[in-house]
Amino acid sequence: MDHQLRRTGLASRCTDLSVHAIVVTRLPNVRYLSGFTGSNGQVLVAPAEAVFFTDGRYTEQSRHEVGGIERITYPNGFGGSLAEQCARLGVSRLGFEAHDVTVALLNKLTQKLPGIELVPVEEEVERLRWVKDAEELASLQRAQDATDGGFDAVLEYLAVGMTERQVALELEQLMRQAGADGLSFDSIVAFGENAAEPHHEPTHRVLEEGDVIKIDFGALSAGYHADMTRTVAFGQPAAELKKIHDVVRTSQQAGIDAVKAGVTGGSVDALSRAVIDAAGYGEYFSHSLGHGVGLEIHEGPSLVKDGDDVLPVGAVVTVEPGIYIPGLGGVRIEDSVEVTADGCRVLGSSTRELIEL
Ligand code: ZN
Ligand code: ZN
């Protein structure tokens, strides 16, 4: 496991941040640094060593999951144990995750850690998480494979009269059969005019001949999230929707072609968006182009309009342009890609051309 390497990466930031150690409380970050998957755990990372904390419910689980560092089950709350470890490690300036710690927790820590200066730090672990290591890439690939498998199978299942909810339920089943641990997020299944909503919640709307079917879904594997969208034609949808699919397909390809290490998310968004603008649908592409995926479904780097996140080798990001026309329907095509030095690699294997059922 590379948890030690990841902790070393964070510890090396201490000097720049003028702190002796950083206490990590945000759960996806705790998992990233320690392997712990429970609902309550913290990691104190100092250059010399790291310490993992949890409560009595997780003593046994953390014994299996967290290796190579001291594990502490606190007898009465996190603050007291943290104070002891800070004293032992000579920490008098302690960084905390400002985007996670509540005012109430900060008040408590201030009270429990007299003489220790608490220094807000921002998204340090999240920034490390942009670049995926080999193990993370393998988990993302497994999640993607189960997603592709579920998609292939659900195409066989679609029939007139079934509801969006039924399809969403079946899709979950099919992805689990294809190897998913669970769902990356609640699937979006939208028929016909409902596809005009970018984030439609499945309803009892029944599938009819001539609908488009927009499905945004993904499998979860070892904590890593897949995220894919396909829009398929069921029968003969309105000619404009086929045209829109063509525009979105071209826009997505422009985005995929623009991804490589060293470019900004904003520049990729701009090249993809330009295709939709040129086709006259600019006002109907109402969201940003993409986002990082990993231990969270939405993470950095971001592919947003004017965004200045610079894509590094090893980041995994989505490219997901869409056009949504109220009353008519909509099309989105989304894939995850791994950023390489001179381009990118698409993780999925499902066709991006229009499927006509
Ligand atoms: Zn999605
Ligand atoms: Zn997405």
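On a predicted model such as this, the values are computed, not experimentally measured, just so you know.

**A few points about the overall build of the chain**
Moving on, step 1. In terms of regular secondary structure, the chain is built from 11 helices and 19 strands.
Moving on, step 2. Since a compact globule built from 357 residues should have a radius of gyration of about 21 Å, the 23 Å found for the chain is in line with a globular shape.
Moving on, step 3. Taking all contacts inside the chain whose residues are at least 6 apart in sequence as the whole, residues at least 24 apart take part in 65%.
Moving on, step 4. As displayed, the chain has an accessible area near 14800 Å², and 51% of this comes from carbon and sulfur atoms.
Moving on, step 5. Here the chain contributes 30 positively and 53 negatively charged side chains, and the mean placements of these two sets differ by 4 Å.

**Observations concerning the layout of surface pockets**
Moving on, step 1. Considering only enclosed or pocket space, the second largest pocket measures out at about 220 Å³ in volume.
Moving on, step 2. Of the residues contributing to the lining of the second largest pocket, the split by class is 4 nonpolar, 6 polar and 5 charged.

**Things to note about the domain arrangement of the chain**
Moving on, step 1. Per the domain assignment, the segments making up the chain are domain 1 (3-129) and domain 2 (134-346).
Moving on, step 2. Of the roughly 650 Å² buried at the junction of domain 1 and domain 2 (both faces included), carbon and sulfur atoms supply 38%.
Moving on, step 3. Considering only the surface of domain 1 that becomes buried against domain 2, Arg-6, Arg-31 and Arg-129 emerge as the three largest contributors, covering 62% of it.
Moving on, step 4. At the surface where domain 1 touches domain 2, the tally comes to 3 salt bridges.
Moving on, step 5. Ionic pairing is found between Glu-296 and Arg-129, a salt bridge with its closest N-O pair at 2.9 Å.

**Remarks on the coordination of the zinc ion (ligand 2)**
Moving on, step 1. Looking at the zinc ion (ligand 2), the protein donor atoms are Asp-227 (OD), His-291 (NE2), Glu-320 (OE) and Glu-334 (OE), and they sit 2.1 to 2.2 Å from it.
Moving on, step 2. Taken together, the 4 donor atoms surrounding the zinc ion (ligand 2) define angles of 77 to 153 degrees at the centre, an arrangement classified as irregular.
Moving on, step 3. Expressed as a motif, the donor residue spacing for the zinc ion (ligand 2) is D-x63-H-x28-E-x13-E.
Moving on, step 4. In this structure, the zinc ion (ligand 2) lies 3.2 Å from the zinc ion (ligand 1), and both are coordinated by Asp-227. Remark: Glu-334 occurs in the loop between strand E17 (329-332) and strand E18 (335-339) and His-291 occurs in strand E13 (residues 290-292); sequence separation between them is 43 residues.
Moving on, step 5. Residue classification places Glu-334 among the buried residues on the basis of a relative accessible area of 0%.

**Details of the coordination of the zinc ion (ligand 1)**
Moving on, step 1. Here the zinc ion (ligand 1) is held by Asp-216 (OD), Asp-216 (OD), Asp-227 (OD) and Glu-334 (OE), and the distances to it run 2.0 to 2.5 Å.
Moving on, step 2. Of note is the zinc ion (ligand 1), whose 4 donor atoms meet at the metal with angles of 57 to 148 degrees in an arrangement that counts as irregular.

**Some points on the environment of Asn-40**
Moving on, step 1. Considering the arrangement of structural elements, one finds Asn-40 in the loop between helix H3 (27-34) and strand E2 (41-45).
Moving on, step 2. Distance in space between the C-alpha atoms of Asn-40 and His-20 is 24 Å, their sequence separation being 20 residues.
Moving on, step 3. Discounting residues that sit within four places of it in the chain, Asn-40 has contacts with Leu-27, Phe-53, Thr-54, Asp-55, Arg-57, Tyr-58 and Tyr-74.
Moving on, step 4. Side-chain polar atoms of Asn-40 contact the side chain of Tyr-74, separated by 2.9 Å.

**Thoughts on the nonpolar core**
Within soluble globular proteins, side chains that are nonpolar tend to cluster in buried spots.
Moving on, step 1. Of all hydrophobic cores here, the largest spans 29 residues; its most connected members are Leu-10, Ile-22, Val-24, Leu-33, Val-45 and Phe-52.
Moving on, step 2. Listing elements by their share of this core, those giving two or more residues are helix H1 (3-11), strand E1 (21-24), H3, E2, strand E3 (50-54), strand E6 (117-121) and helix H8 (134-157).
Moving on, step 3. Viewed by domain, this core spans two of them, domain 1 (3-129) and domain 2 (134-346), each represented by three or more residues.
Moving on, step 4. Beyond its immediate stretch of four places on either side in the chain, Val-45 contacts Arg-7, Leu-10, Ala-11, Cys-14, Ala-21, Ile-22, Leu-33 and Ala-50.

**A look at the packing of aromatic side chains**
Moving on, step 1. Taken as a whole and assessed by the stated rule, the structure comprises 6 aromatic pairs.
Moving on, step 2. Between Phe-53 and Phe-78, the aromatic rings sit 5.3 Å apart at their centres with planes inclined by 75 degrees, giving edge-to-face as the arrangement. A residue pair is termed long-range when its members are at least 10 positions apart, and Phe-53 in strand E3 and Phe-78 in helix H5 (residues 78-89) qualify at 25 residues.
Moving on, step 3. Accessibility expressed as a relative area gives 10% for Phe-78, which makes it buried.
Moving on, step 4. Members of the aromatic cluster, joined through ring pairs, are Phe-36, Phe-52 and Tyr-58.
Moving on, step 5. Its guanidinium or amino end placed over the ring of Trp-130, Arg-127 lies 3.9 Å from that ring's centre, counting from NZ or CZ.

**Here we look at the sheet that holds strand E9 (residues 211-217)**
Moving on, step 1. The 3 strands lie next to each other as E8-E9-E12, forming an open sheet whose pairing is antiparallel. Because the sheet does not close on itself, it has two edges, and the strands there are strand E8 (188-191) and strand E12 (228-234). Within the sheet, the average angular offset between the axes of one strand and its neighbour, ignoring direction, is 10 degrees.
Moving on, step 2. Looking at chain direction, E8 and E9 are connected through 4 bridges and run antiparallel. The residue of E9 that forms the bridge with Val-189 is Ile-215.

Cut-offs and rules
Residues numbered from 1 in each chain as written. Chains lettered and ligands numbered in written order. Predicted model: local features only at pLDDT ≥ 70, side-chain atom pairs only at ≥ 80, totals over all residues. Heavy atoms only, no water. Helix = DSSP H or I, 4+ residues; strand = E, 2+ residues; numbered from the N terminus. Rg over C-alpha atoms; globule rule 2.2 N^0.38 Å. Contact = heavy atoms within 4.5 Å. Areas by Shrake-Rupley, 256 points an atom, 1.4 Å probe, with all protein chains shown as cover. Lys, Arg positive; Asp, Glu negative; His and termini not counted. Charge placed at Lys NZ, Arg CZ, Asp CG, Glu CD. 1 Å grid on protein atoms, 1.4 Å probe; cavity = no way out; pocket = protein on both sides within 12 Å on 5 of 7 lines; lining within 4 Å. Points joined across faces, edges and corners; volume = space filled by probe spheres on them. Nonpolar A, V, L, I, M, F, W, Y, C, P; charged D, E, K, R; others polar. Domains from an automatic or database assignment. Buried area = accessible area lost by both parts, 1.4 Å probe. Salt bridge = Lys/Arg side-chain N within 4 Å of Asp/Glu carboxyl O. Donors = N, O, S within 2.8 Å, 3.2 Å for Na, K, Ca; no water. Tetrahedral: all angles 85-135°; square planar, octahedral: opposite > 155°, others 65-115°. Buried < 20%, exposed > 50% of the residue type's maximum accessible area, 1.4 Å probe, protein only. Polar contact = N/O pair within 3.5 Å; in protein donor to acceptor, adjacent residues only side chain to side chain. Core = buried A, V, L, I, M, F, W, Y, C linked by side-chain atoms within 4.5 Å. Phe/Tyr/Trp six-rings, centres within 6.5 Å; stacked < 30°, edge-to-face > 60°. Lys NZ or Arg CZ within 6 Å of the ring centre and 35° of its normal. Pairing = 2+ DSSP bridges. Axes fitted to C-alpha atoms, helices over the stretch in contact; angles between N-to-C directions.

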